[in-house]
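Working through the structure, step by step
Here is what each chain is made of, one letter per residue.
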Amino acid sequence: MKFGELTYNEYTKRIKAFHGTVAPGILLGGFMVNLAMEKLPEGGFFDVICETKTCLPDAVQLLTPCSIGNGWLRVLDLGRFAAVFYDKYSGLGLRVCLDRSKLEEWEEVKTWFLKLKPKHEQDSELLFAQIKAAGTSLFTTAPAKVHEKHLKKKKMGKTMICPICQETFPEAHGSICRGCAQELPYDLIQESADTDQKKTLLLNKTTVAESVGMHLLHDITRIIYKKEKGVAFKKGHLITAENIHMLRELGKNNVFVEEQNIFIKGYKHEDEVVLDFAQNMSGQGICFNEIPKEGRINLTAEIDGIFISDEEQLERFNMSSDVICASLPNYQLVKKGDTVAATRAIPLYISNEDYLKALNCLKKKTLFTVQPLRKAKVGILVTGTEVYENLIEDRYTKVIQSKVEAYGCEVVSKKIAPDDVNMISGIIHNMINAGADMIITTAGLSVDPDDMTLEGIMNAGAQDLLYGVPVLPGSMVVCSKIDDTQIIGVPGCGIYNDRFSFDLLLPRLLANITITSKDLARMGNGGLL
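Predicted, not measured: the structure shown is a model, and the values here were computed from it.

Cut-offs and rules
Residues numbered from 1 in each chain as written. Predicted model: local features only at pLDDT ≥ 70, side-chain atom pairs only at ≥ 80, totals over all residues. Heavy atoms only, no water. Helix = DSSP H or I, 4+ residues; strand = E, 2+ residues; numbered from the N terminus. Rg over C-alpha atoms; globule rule 2.2 N^0.38 Å. Buried < 20%, exposed > 50% of the residue type's maximum accessible area, 1.4 Å probe, protein only. Contact = heavy atoms within 4.5 Å. Areas by Shrake-Rupley, 256 points an atom, 1.4 Å probe, with all protein chains shown as cover. Lys, Arg positive; Asp, Glu negative; His and termini not counted. Charge placed at Lys NZ, Arg CZ, Asp CG, Glu CD. Core = buried A, V, L, I, M, F, W, Y, C linked by side-chain atoms within 4.5 Å. Pairing = 2+ DSSP bridges. Axes fitted to C-alpha atoms, helices over the stretch in contact; angles between N-to-C directions. Polar contact = N/O pair within 3.5 Å; in protein donor to acceptor, adjacent residues only side chain to side chain. Patch = residues over 30% accessible without salt bridge, like charges linked within 9 Å, V, L, I, M, F, W, Y side chains within 5 Å. Salt bridge = Lys/Arg side-chain N within 4 Å of Asp/Glu carboxyl O. pLDDT = per-residue confidence, 0-100. Left-handed = near helix turned anticlockwise from the far one by under 90°. Nonpolar A, V, L, I, M, F, W, Y, C, P; charged D, E, K, R; others polar.

In terms of regular secondary structure, the protein chain is built from 16 helices and 28 strands. The C-alpha radius of gyration computed for the protein chain amounts to 33 Å, which surpasses the reference 24 Å derived for 529 residues by more than 25%, pointing to a less compact arrangement than a globule. If one aligns the C-alpha atoms of the protein chain with their principal axes, the spans along those axes are about 95 × 90 × 45 Å. Sorting the 529 residues of the protein chain into buried and exposed places 43% on the buried side. Long-range pairs, those at least 24 residues apart, make up 68% of the contacts in the protein chain with a sequence separation of at least 6. With the model as given, the accessible surface of the protein chain reaches about 29,600 Å², and the carbon-plus-sulfur share is 51%. Taking the 61 positively charged and 67 negatively charged side chains of the protein chain as two groups, their mean positions are separated by 3 Å.

Here we come to the nonpolar core. Ranked by size, the top nonpolar core spans 41 residues in total, and within it Y11, F85, L138 and F139 carry the most contacts. Listed by contribution, the elements that provide at least two residues to this core are α1 (8-19), α2 (24-39), β3 (46-50), α3 (56-63), β5 (82-87), β6 (92-98), α4 (107-113) and α5 (124-134). It is α2 that provides the largest number of residues to this core, a total of eight residues. Once residues within four sequence positions are removed from consideration, F85 is found in contact with M32, V33, A36, M37, L40, F46, D47, V48, G93, L94 and V96. One finds C162, I350, A358 and L367 within the second-largest nonpolar core, a separate group that totals 33 residues.

Moving on to the pairing of strand β12 (residues 228-233). Relative to β12, strand β11 (residues 220-224) is paired through five bridges, and the arrangement is antiparallel. Looking at β12, one finds that I220 is bridged to F233. Once β11 ends, the chain turns through three residues before running back antiparallel as β12, passing K226 with a positive phi of about 60°.

What follows deals with the environment of G25. Tracing the sequence through the fold places G25 in helix α2. When the C-alpha positions of G25 and V478 are compared, they lie 48 Å apart, and in sequence the two are 453 residues distant. The residues touching G25, leaving out its near neighbours within four places in the chain, are C55, F81 and W112.

Moving on, we come to the sheet that holds strand β27 (residues 478-482). Read across the sheet, six strands follow the order β24-β23-β25-β28-β27-β26 without closing on themselves; strand pairing throughout is mixed. A single partner strand is all that each edge strand has here, and the edge strands are β24 (410-417) and β26 (463-467). Sheet twist, expressed as the average angle between the axes of neighbouring strands with direction ignored, equals 15°. Bridge count for β27 against strand β28 (residues 485-490) is five bridges, and the pairing is antiparallel. Note on β28: the bridge partner recorded for K481 is Q486. In the packing of helix α12 (residues 396-405) onto the sheet, the strands contacted are β23 (377-383), β24, β25 (438-442) and β28, and the crossing angle to β23 comes to about 160°.

Among the secondary structure elements, N34 is positioned in helix α2. For N34, the side chain forms a polar contact with the main-chain oxygen of K2, separated by 2.9 Å. Sequence-distant contacts of N34, defined by excluding residues within four places in its chain, comprise K2, F3, G4 and T136.

Judged by side-chain charge, E386, E389, D448 and D450 come together as a negatively charged surface patch. Turning to its location among the elements, E389 is positioned in the loop between α11 (385-388) and α12.

Looking now at the sheet that holds strand β18 (residues 323-327). Within the open sheet, the four strands sit side by side as β15-β16-β20-β18. Their pairing is antiparallel. At either margin of the open sheet sits one strand with a lone partner, and together these are β15 (286-288) and β18. Looking at each pair of strands side by side, their axes are set apart by 20° on average, direction ignored. Summarising the sheet, strand β16 (residues 296-301) and strand β20 (residues 339-345) pair through five bridges and their orientation is antiparallel. For T300, the partnering residue across the bridge sits in β20 and is T339. Along the sheet face, helix α9 (residues 311-318) touches β18 and β20 and points at about 150° away from the line of β18.

Its place among the elements puts E270 in helix α8 (residues 270-281). Sequence-distant contacts of E270, defined by excluding residues within four places in its chain, comprise E294, G295, R344, A345, P347 and L348.

Detailed reading of predicted coordinates is not advised where the pLDDT is low. Scored by pLDDT, the protein chain has a mean of 93; 98% of the residues are at 70 or more. Element-level pLDDT for the protein chain is lowest in strand β1 (residues 2-3), with a mean of 87, against a maximum mean of 98 in strand β19 (residues 333-334).

Cis geometry marks the peptide bond from L472 to P473, where omega comes out at 0°. Within the element layout of this structure, P473 appears in the loop between β26 and β27. The backbone phi angle of C55 is positive, close to 65°, even though this residue is not glycine. With respect to the helices and strands, C55 occurs in the loop between β3 and α3. Relative accessible area serves as the criterion here: at 18%, C55 is assigned to the buried category.

It is at 11 Å that the axes of α1 and α3 come closest, and there the two elements cross at 115°. Handedness of the α1/α3 crossing: right-handed. Here Y11, R14, I15, F18 and H19 of α1 lie close against α3, whose contacting residues are D58, A59, Q61, L62 and L63. When grouped by side-chain class, the residues that make up the contact of α1 with α3 number six nonpolar, two polar and two charged.

Next comes the structure, spelled out in structure tokens:
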């Protein structure tokens, strides 16, 4: 029995030296590698993806040239005792996995693998004997092809020096290293009592009486109940004797002035940081006033359209110390000049380290955008034999037409089709030929046996079809396309409900926003209309 060039005893000794103990999982993994090597063609350049992080990667590293360090071995922890051995250029290869049905013949291996007994109650000697006797018979294999994205090796690229810790790191990681950007799993122990921990910044304050002739370091706000909230004195204001009474009326017995706080090493003023934040937050269709007010900058819509926010990026930024950013809800319709977001630093001065960490959370020009809405040419296809045969009056065309025309769209075709797959798909193609770049079908999307609209849309050649959205009313929605024409199937509830799922989706479609299954899933939060 050989494991590569190693005998069984040599392999177990190598396991102990590498892993610390002769782990059953690594011994089992050795047989898996043996089976893969037997079945793979000789002379190939193979990489490995392990589907568990426990033991199996060690067997691969012991018996093949593939290691985590050289990038030929990757671990995707799916929790399954399996691995794919594949040609690093074509992606073609072999998946080897432990076959649970074959464990029935080896009771102690089954007990160990399925954790049917506590470890101290297991018979280790019998376990190793059964693993050795079973060998490669415990595994099954299947051809596999690794996805293209996993064949490309990520290069480290250029390196830079982290402005916080001064250590080198890959430039692709961001403006600071990941160690500084994320919470470290350890604290460095200082050898002296003098630590590098960030201390609270204490500014020098000056009494109002002594501040005459000096310049304010911050805006001072005046609030009049139910009437006014604004800046009474701006940052940089030269305090005069005439200002003393008003300052005291505003509750200011002390102020911060520039002359008493000339230079603060390691900190940045609130106005400086919010300007940098706003510049990095503002994407397409967003503008802002470059003069902060009360330590805050508002971001406004530069055009009419739909407001889009990267919610995950915004959450990361707001988890940073001493900064905030508030915005409108995602996908809200806005007009030119509307305030869509605002950002500020909480203290008057923020540490340079916290500033850099917050700035690193922002991917430039992608946090907020406003996308314009196109004026679509719309085809409306009402489906239902009962409507087609004039058994009931068509009321749905008027409903849909009023909704799309409210956005400036033009209805170029209105048709009614019976519950017939071929007629539905034929009319869809006729509408496309008539110039429609958005086709809206109505009803016929439920589970009733006569409902043929979904099948008709599919028969027309629909691509990227999504069916169902967690919004009520109107969960049975279809989103798809045929080439550049958007196809939307809406359920019959729009006849009864003034507002339903279509009202949430229409602005996104007019903004040409690609809608994925994940986007639809997120609509469940707030989807009860």
